[in-house]
Amino acid sequence: MNIDDRLAKVKYVSDEETHLKINQEKCNNCEMKVCTYICPANVYEWNKKENKLTVNYENCLECGACRIACSEKCLEWQYPKGICGVTYKFG
Ligand code: SF4
Ligand code: SF4
């Protein structure tokens, strides 16, 4: 089973607001933008046209990698509230 097949089994319940809060000013000045290539769910995208980072938090797998990798240490990362967020189904 490849990664796409595995991700197809994941279920999400979207929260109304993001659990991944960025500091747009720091993101604008961030050279590496490591979050845009380490996230397995492609949550972070650099919008060149608007010169800003977009965060598709609804797709977050809650792995925590971005919190560790953010070079500016400016990500406010929390688990989604209540029953919101990701549910993994094995098998
Ligand atoms: S790595 Fe951190 S500071 Fe850099 S773009 Fe991503 S969230 Fe922003
Ligand atoms: S916690 Fe993991 S899946 Fe969620 S945004 Fe960060 S790197 Fe991506």
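Coordinates for the structure precede this section.
Residues numbered from 1 in each chain as written. Chains lettered and ligands numbered in written order. Predicted model: local features only at pLDDT ≥ 70, side-chain atom pairs only at ≥ 80, totals over all residues. Heavy atoms only, no water.

(A) Looking closely at the overall build of the chain. Broken down by element type, the chain carries four helices and six strands. Helices and strands in the chain line up, N terminus first, as α-β-β-α-α-β-β-α-β-β. With 91 residues in all, the chain has 31% of them scored as buried. Of the roughly 6,600 Å² of accessible surface on the chain, a fraction of 50% belongs to carbon and sulfur atoms. (Helix = DSSP H or I, 4+ residues; strand = E, 2+ residues; numbered from the N terminus. Buried < 20%, exposed > 50% of the residue type's maximum accessible area, 1.4 Å probe, protein only. Areas by Shrake-Rupley, 256 points an atom, 1.4 Å probe, with all protein chains shown as cover.)

(B) The packing of aromatic side chains, seen in detail. Tallying each qualifying case throughout the model produces one aromatic pair. Ring centres of Trp 77 and Tyr 79 lie 5.0 Å apart, and the angle between their planes is 80°; on these two criteria the pair is classed as edge-to-face. Residue Trp 77 is classed as buried on the basis of its relative accessible area, which comes to 9%. When its relative accessible area of 56% is taken as the criterion, Tyr 79 is described as exposed. Between Lys 33 and the ring centre of Trp 46, over which it is positioned, the NZ or CZ distance is 4.3 Å. The ring centre of Trp 77 lies 4.4 Å from the NZ or CZ of Arg 67, which sits over that ring. (Phe/Tyr/Trp six-rings, centres within 6.5 Å; stacked < 30°, edge-to-face > 60°. Lys NZ or Arg CZ within 6 Å of the ring centre and 35° of its normal.)

(C) View of the site of ligand 1. The full set of residues close to ligand 1 is Cys 27, Cys 30, Lys 33, Val 34, Cys 35, Cys 70, Glu 72 and Cys 74. Partitioning the shell around ligand 1 into residue classes produces six nonpolar, no polar and two charged. (Near = heavy atom within 4 Å. Nonpolar A, V, L, I, M, F, W, Y, C, P; charged D, E, K, R; others polar.)

(D) Quick look at the nonpolar core. Leu 20, Val 43, Tyr 44 and Val 55 are the most contacted members of the largest nonpolar core, which totals 19 residues. Setting aside residues no more than four positions away along its own chain, Leu 20 makes contact with Val 43, Tyr 44, Val 55, Tyr 57, Cys 60, Glu 76 and Trp 77. (Core = buried A, V, L, I, M, F, W, Y, C linked by side-chain atoms within 4.5 Å. Contact = heavy atoms within 4.5 Å.)

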